[in-house]
Structures are given as C-alpha cells and as structure tokens.
Amino acid sequence: MASQKSSAGMIAASGRNPTDKVAARAPQRERGRARVAALLAAATEVFAENGYDAATMTEIAARAGASIGSLYQFFPTKELIAEALHARYSDDFAAMLAGLAPRVAGKPGATLADFLFRDLSGFLTAHPAFVVLADRRDIDKKRKKKTRERLRGQIAALLAQADPPIAPARAEALAVIVLHLLRSAVAIAGEDDLPHRAAVLEELRAMLRQHLAAA
C-alpha cells in the first residue's frame with residue numbers, strides 16, 4: 001500500500017493525469033542501462049519469492065540498492081516492470097524452443113519427450129518468475145493470448161517433426177498438455193520437503209515419454 005501511495009504521489013507531482021497511459025523509460029547511457037539491469041534482476045527475485053500481488057516497488061528498489069525515485073524514473077508502475085520481464089522471458093523461451101528444433105527433428109516421440117522435459121523444465125526452473133508473471137491478473141489479455149499461442153505453436157511444430165510425425169491437430173492438443181505438465185514439474189521441483197521428489201519427477205517424465213511414443 002505504501003508503495004502504491006508513493007507511486008500515486010510521484011505521478012501527481014509530475015502533473016500527469018493518473019488516467020494517462022504511462023510507459024517504461026529506456027535508458028540512454030551505460031550507467032542508466034546498468035541501473036535498469038539491476039532493477040530488473042531485483043524485480044525477478046522479488047516476484048519469484050513473494051508472488052506478483054505481494055511484491056512491492058519499495059522492496060524491488062531496496063533489493064536493487066536503489067532509491068524508489070530511481071525505480072519510478074524507469075518503471076512508473078509495477079505493471080510496467082512486470083511487463084518488461086515477462087516480454088524478455090517469453091522471447092528467451094521462444095528462442096530456446098527455436099534452438100531445440102534442429103536438435104530434435106526426425107527423432108522418435110520418446111526422444112523428443114526427453115528433450116522437451118529436460119530443456120523446458122530446466123528453463124522454467126531457472127526462471128521462476130516467468131510462471132508468476134504469466135499468471136498475473138492485470139496482464140493484457142490479447143498479449144497473453146498471443147504469447148501462449150506462439151509458445152504452443154512452437155511446441156506443436158516440434159511434435160510435428162517427430163518420426164513418425166504427429167498429426168497437426170493432435171500436436172496442437174499435446175502442446176497444451178506439455179506446457180501444463182512442465183509447469184507441474186516446476187511446482188513439484190520447488191517442494192523441498194516433498195518425499196521422493198526425484199521419483200515423482202521421473203514419473204512425470206516417463207508419462208510424457210510414453211504418451212509421445214504412443215502418439
């Protein structure tokens with residue numbers, strides 16, 4: 001709440017109408033780029049640890065060792081810093097899938113499943129804020145739909161390259177399942193006190209492997 005009041009106060013002080021659209025400010029100098037990188041890194045940690053709703057601009061600034069004014073200079077709202085991170089992660093995820101394509105082309109479904117489970121779950125585990133930001137309630141619905149369609153389309157294209165290839169309609173359905181299964185794998189991997197966690201993850205991988213082999 002304190003963070004939100006501070007944001008409103010700074011917007012009012014600037015003379016801007018609170019209903020006007022605001023945008024993130026791109027740094028023009030190396031010092032500014034370094035500061036933005038530090039702010040984004042801090043935001044990643046705070047979102048991953050606290051969730052999107054509980055994260056505050058005050059904590060993000062403190063984690064980055066920056067003043068709240070410096071944070072608002074580049075990201076006037078929490079939504080904007082979340083949007084910047086989500087866009088970056090989405091592009092990185094898409095690039096990872098694109099790089100996977102030549103490595104799995106012509107592989108059997110079971111082998112493809114191993115690649116998908118390892119690389120996709122590895123990416124999501126290494127970027128825990130990605131899932132948090134993808135699920136936030138204030139995300140632009142059109143952009144969210146477009147991002148999900150792009151990722152599902154890339155996974156479906158990978159499935160269509162299997163040997164034997166999976167029919168397009170089924171590949172599209174399986175792409176949805178793959179993404180949700182991997183999100184489950186990441187959630188399970190995060191449960192430190194879960195008994196036999198490694199065995200549970202192996203069961204998930206085996207399920208995907210068997211299903212894609214059958215498909």
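All of these numbers come straight from a predicted model, not from anything done at the bench. (Residues numbered from 1 in each chain as written. Predicted model: local features only at pLDDT ≥ 70, side-chain atom pairs only at ≥ 80, totals over all residues. Heavy atoms only, no water.)

(A) Inspection of the nonpolar core at higher detail. In this structure, Phe47, Phe93, Leu120 and Leu159 are the most contacted members of the largest nonpolar core, which totals 59 residues. Top contributing element to this core by residue count: helix 5 (residues 78–104), with eleven residues. When near neighbours in sequence (up to four residues on either side) are disregarded, Phe47 contacts Tyr52, Ala55, Ile60, Lys78, Ile81, Ala82, Leu85, Ala129, Val132 and Leu133. (Core = buried A, V, L, I, M, F, W, Y, C linked by side-chain atoms within 4.5 Å. Buried < 20%, exposed > 50% of the residue type's maximum accessible area, 1.4 Å probe, protein only. Helix = DSSP H or I, 4+ residues; strand = E, 2+ residues; numbered from the N terminus. Contact = heavy atoms within 4.5 Å.)

(B) Examining the pattern of salt bridges more closely. By the definition in use, this model includes 14 salt bridges. Of the charged contacts, one joins Glu83 and Arg143 as a salt bridge, the two residues approaching to 2.6 Å between their closest N and O atoms. You can see Glu83 sitting in helix 5 and its partner Arg143 sitting in helix 8 (residues 141–160), a full 60 residues away along the chain. As a salt-bridge pair, Arg183 and Asp135 come within 2.3 Å of each other at their nearest N and O atoms. Of the two residues, Arg183 is situated in helix 9 (residues 168–189) and Asp135 in the loop between helix 7 (128–134) and helix 8; the sequence distance between them amounts to 48 residues. Overall, Arg183 belongs to the partly exposed group, its relative accessible area being 28%. (Salt bridge = Lys/Arg side-chain N within 4 Å of Asp/Glu carboxyl O.)

(C) Representation of the environment of Leu71 within the structure. Relative to the elements of secondary structure, Leu71 occurs in helix 4 (residues 68–74). In this structure Leu71 comes out as buried when scored by relative accessible area, which is 0%. Placed 31 residues apart in sequence, Leu71 and Leu40 show a C-alpha to C-alpha distance of 9.7 Å. With sequence-adjacent residues up to four places away left out, Leu71 is seen in contact with Leu39, Met57, Ile60, Ala61 and Ile81.

(D) Representation of the environment of Val176 within the structure. Within the fold, Val176 resides in helix 9. Taking C-alpha positions, Val176 is 6.3 Å from Arg152, a pair spaced 24 residues apart along the chain.

(E) Examining the packing of aromatic side chains more closely. In this structure the tally under the stated criterion is five aromatic pairs. Between Phe47 and Tyr52, the ring centres sit 5.6 Å apart and the planes meet at 35°, which makes this aromatic pair tilted. Take Phe47 and Tyr52: they sit in the same class, and that class is buried. An aromatic cluster is built from Tyr89, Phe93, Phe123 and Phe130, whose rings are joined through pairwise contacts. Looking at Lys78, its charged tip hangs above the ring of Tyr52, at a distance of 4.6 Å from the centre. (Phe/Tyr/Trp six-rings, centres within 6.5 Å; stacked < 30°, edge-to-face > 60°. Lys NZ or Arg CZ within 6 Å of the ring centre and 35° of its normal.)

(F) Inspection of the packing of helix 6 (residues 109–126) against helix 10 (residues 197–214) at higher detail. Interhelical geometry of helix 6 versus helix 10 gives an angle of 145° and a closest axis separation of 7 Å. Crossing handedness for the pair helix 6 and helix 10: right-handed. The segment helix 6 lies against helix 10, with Gly109, Ala110, Ala113, Asp114, Leu116 and Phe117 engaging Leu201, Leu204, Arg205, Leu208, Arg209, Leu212 and Ala213. Per-class residue counts for the contact of helix 6 with helix 10 are nine nonpolar, one polar and three charged. (Axes fitted to C-alpha atoms, helices over the stretch in contact; angles between N-to-C directions. Left-handed = near helix turned anticlockwise from the far one by under 90°. Nonpolar A, V, L, I, M, F, W, Y, C, P; charged D, E, K, R; others polar.)

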